[in-house]
Amino acid sequence: MDKQLAIKTSGQMFSFNRRVKTVIISVILLGIIIGVFIAGFFIGDDAMSVDFSRKGLKPSWEYPFGTDWLGRNMLLRTVKGLSISIMVGTIASAVSAVLATIIGVAAAIGNRWVDNVIVWLIDLMMGVPHLVLLILISFACGRGLTGLLTGIAVTHWTSLARLVRAEVLQIRSQQYITISRRLGKSLGWILLHHILPHVLPQFVVGLVLLFPHAILHESSLSFLGYGLPPEQPAIGIILAESMKYLTGGMWWLAFFPGITLVLIVILFDKLGENLKMLLDPYSAHE
Amino acid sequence: MCHSNLPLLEVDNLSVSFRMYDRAFGQRDLKVIQDLAITVNSGEILAVVGSSGSGKSLLAHAVLGLLPQNATVSGRMFYKGKPLDEQNQRKLRGSEIALIPQSVTYLDPLMQVGKQARGTDKSPERMRRQRKVFQRLNLTRQAEKLYPFQLSGGMARRVLFSTAIITDAELVIADEPTPGMHLDQALEALSILRELADIGKGIILITHDIDLALQFADKIAVFYAGTTVEESPVADFIKGPGALRHPYTKALWHALPQNDFIPIDGFQPYAGNLPDGCLFAPRCPLKTPECEAGNPHMRKLRGGKVRCVHAT
Amino acid sequence: MKGKRLINISKVIGKYLFRVMTLLLATSIVAFVLVSLSPIDPVQQYVMGAGAVSMEQRETISEYWGLNAPPTERYLNWLSAILRGDMGVSLLYRQPVARIISERFINTFALMMTSWILSGIIGFVLGCVMGICQGKWVDSIIKRICLVLCSVPTFWLGLVFLLIFSVWLGWFPIGFSSPIGIADTDVSIWQRLYHLVLPALTLSFISFANVALHTRQKLIDVLESDYVLFARARGNDTWTIMKRHGFRNILLPAITLQFASFAELFGGSVLAENVFSYPGLGSAVSAAGLNSDVPLLLGITLFSTLFVFLGNFIANIIYGVVDPRIGEERPHGQAIGD
């Protein structure tokens, strides 16, 4: 009896530790991301300031990421660029996640007709190569930031919408929903009190896991010359500009901005996985 | 054949537990089999009966060393007197010990069943043997070319059955081989097992059909909640409750349709929620405070074995 | 039974073809609406941007587009022209769009197929290794690499390869699929291959991670299946199990996944072609968008969509022909297992 009790407590201690650890990691990850974002926000003209006396410097203590052919500080430009990426990614993922939730819920509680249209729409969007679709939408919006945001926001909802749809379908079939209906509650009331609270974890995790895709597509579009104007130091633009100088051996112009972008993407991915573990421990167990 | 005094397979004190992950990352061990003991001799069929969840299939997997990674096994297992450790299990699997698994999911969905029945042996001899076994089991030549999804339940069972008969195994563990077969097919399958036993092989017949077990087996082991509560000769079952030893076995006898057809009250406890003393105590008519003092040991009684302090 | 299966399979194919047609039609409408929505008016831009357009050309253009006509009529004009095989003339390259697509597609096709096969093989092999060694260090290292690769933007990987292999090691040229200054016909196959290597390598590095992770998961599912457990019960070792059951059950999903990945492959090739100045459809489509070359943009959009559907179509057919379970009915209903 004593033995069993001891095992139980240690089990709980263990789980408590794991949970706390996951929370701490999540907070640290979020902290880094917000830190980069705010830092970029406060870097104003410094990222743009041209100084030919220090042009083309290799990475050093003073300029960890080096300077470019105009003598601009690459560290500042990179942080600024990441900050822009995070901002674009946040807005686009948020819009996309809301869209996904609305569409997913609609597909699940609407009639067959709505469901079929949405499935067909998803098929349609999967048919066009994603990047080509982004180029088209960006073109439709007259390029620029609007085109970039619209494109990323309206093309990333499909997978999350599917998840939400499945989740809602499952909740809908449960008994208490039927009872609720019998009690004369309106569909809207049930939606607000029973369905949306259950979809919320999916929404949060889905939102965070959309980030990596959104950021990668943002930088790709910027790299191709769509999206932000060339004077903005978005990572894609920095890398596109660097191409002219790579032959001259200025490798740091491409290396650091790219690797930090990869790190940010991984941070978001890890954050999403951690949140998933906290909100839905079953799914996270391999 | 081998008629030494050593039993073909002896399992003693076997316990199996699984490491489970709990909701909140918790980790605990779930004991699904404890203190299990059976003995199989060459030339006899041991029927293992018990309701589902009593650990019958796990015993088969434990003997073959096929339990998943998160399982811990303790206790002793001997095959022909030699300890059945991992190395021995690997050597004996398929050659000396054969398994007849219990469902069509044990067949590769993308391979023709004839090829699966023959196994890795590609010799013409093996082919002849497979055709003979198929014929005996009333499986046509066309059936060889079918994929598992094209088989009826009964056909799938017969294919699974054939996989063990084709080998020269000394010990056959048949895990619920008959459900889904027609009665005459089931009888045919079991008489094949009987013939194998008669030429000196050992058979473990895992089943929940006590009737069939009574017709073909020599001994019956009764499982309850992951342990053996009784092992007795078939004759005792035929004689009736007076000859039986454990209250659960007696209750099983009374539950049979041809006897009183009275079901036992209550439910078999599940792993992780087991009582502290005798596992059957909560449902037992003979329960006394003594029963809660720990799970009783298996003891010899009137030519059988029983795990009950009150049995006489 | 065989005949029935054939009929069932052709029914599936027929249904799929019908769906592809409707989806293609819908794509053409959506694409047309999108370019029409653009504040950069496609037709005006086209006429103005072309600069020195002769009256004759101007007439051809306005005839093609149905200038000043309502949008529906313009769309129908365009659609009927496309169906007749006339995709219009590219403003950027001053050539018929159909010819540009057919010329550049050969380049893109070579690039995509090379990396497609490469990533398929690398991904499959790594996936098998991970699956067999599940939970061991080999598995966790390869898995980690794959997960990191999923976070790497294609174009940056291209830049890194360019830095390492072209700038530092000097093994490969910096751009263009054929050396500058040599007539196209004089370019040898080796020179072409030489220019193909880096973009193809970039593209395969981006996509093998997906195949590998997918194959790993499939193989783990297979190795944890009852039939593999039974194979082990019959004394088979891991390699025998892989040969008899592993490949049989994971190859098909892997190939299907590869065929279904044409969309990502095309997207990746847009970026890789831009990094390496490779003259394929990908660099053309981004140039078309940047320079408001509407006929080319629309043409490549439709073409790439067709290409993606073709990939999915092949995936479906392979499944239908190879997997015995498709297009067959059970002789005895559902009476299987318990």
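A brief look at the structure comes next. Computed from a predicted structure; not experimentally measured.

A few words on the overall build of chain C. For chain C, the count of helices and strands is 13 helices and zero strands. Listed by position from the N terminus, the elements making up chain C come as α-α-α-α-α-α-α-α-α-α-α-α-α. Each of the 338 residues in chain C was classed as buried or not, and the buried ones make up 50%. Pairs at least 24 apart in sequence give 73% of the contacts found in chain C among residues at least 6 apart. Accessible surface, chain C: about 16000 Å² in total, of which carbon and sulfur atoms supply 66%.

This part takes up the pairing of strand 3 (residues 45-49) of chain B. Residue and element names in this part refer to chain B. A large share of strand 3 lies buried, amounting to five of its five residues. Of the two faces of strand 3, both are covered, the one formed by Ile 45, Ala 47 and Val 49 as well as the one formed by Leu 46 and Val 48. Here strand 3 pairs with strand 8 (residues 202-206) via four bridges, running parallel. Bridge assignment links Ile 45 to a residue of strand 8, and that residue is Ile 203. In this sheet, strand 9 (residues 219-224) lies alongside strand 3 in parallel orientation, the contact comprising four bridges. In the strand pairing of strand 9, Ala 47 is matched with Ile 220.

With 26 residues of chain C in contact, the opposing surface of chain B contributes 35 residues. Around 2800 Å² of area is buried between chain C and chain B when both sides are counted, 62% of it from carbon and sulfur atoms. There are zero salt bridges connecting chain C and chain B. Across the chain C-chain B interface, the total number found is 10 residue pairs in polar contact (both at pLDDT 80 or more). Elements that contribute at least two residues to the side of chain C that touches chain B include exactly helix 9 (226-233) and helix 10 (238-259) of chain C. The dominant element in the side of chain C that touches chain B, judged by the number of residues it contributes, is helix 9 of chain C, at six residues. Of the residues assigned to the side of chain C that touches chain B, the class counts are nine nonpolar, seven polar and 10 charged.

Leu 224, Leu 239, Ile 264 and Phe 268 of chain A together with Phe 266, Leu 297 and Ile 300 of chain C are the most contacted members of the largest nonpolar core, which has 121 residues in total. At 13 residues, the largest contribution of residues to this core is made by helix 8 (residues 187-224) of chain A. Not counting the four nearest positions on each side in its chain, Leu 239 of chain A is found in contact with Phe 223, Leu 253, Ala 254, Pro 257 and Gly 258 of chain A together with Phe 155, Trp 156 and Leu 159 of chain C. Membership of the second largest hydrophobic core comes to 98 residues, among which are Leu 36, Ala 164 and Leu 244 of chain B together with Ala 233 of chain C.

What counts, and at which threshold
Residues numbered from 1 in each chain as written. Chains lettered and ligands numbered in written order. Predicted model: local features only at pLDDT ≥ 70, side-chain atom pairs only at ≥ 80, totals over all residues. Heavy atoms only, no water. Helix = DSSP H or I, 4+ residues; strand = E, 2+ residues; numbered from the N terminus. Buried < 20%, exposed > 50% of the residue type's maximum accessible area, 1.4 Å probe, protein only. Contact = heavy atoms within 4.5 Å. Areas by Shrake-Rupley, 256 points an atom, 1.4 Å probe, with all protein chains shown as cover. Pairing = 2+ DSSP bridges. Buried area = accessible area lost by both parts, 1.4 Å probe. Salt bridge = Lys/Arg side-chain N within 4 Å of Asp/Glu carboxyl O. Polar contact = N/O pair within 3.5 Å; in protein donor to acceptor, adjacent residues only side chain to side chain. Nonpolar A, V, L, I, M, F, W, Y, C, P; charged D, E, K, R; others polar. Core = buried A, V, L, I, M, F, W, Y, C linked by side-chain atoms within 4.5 Å.

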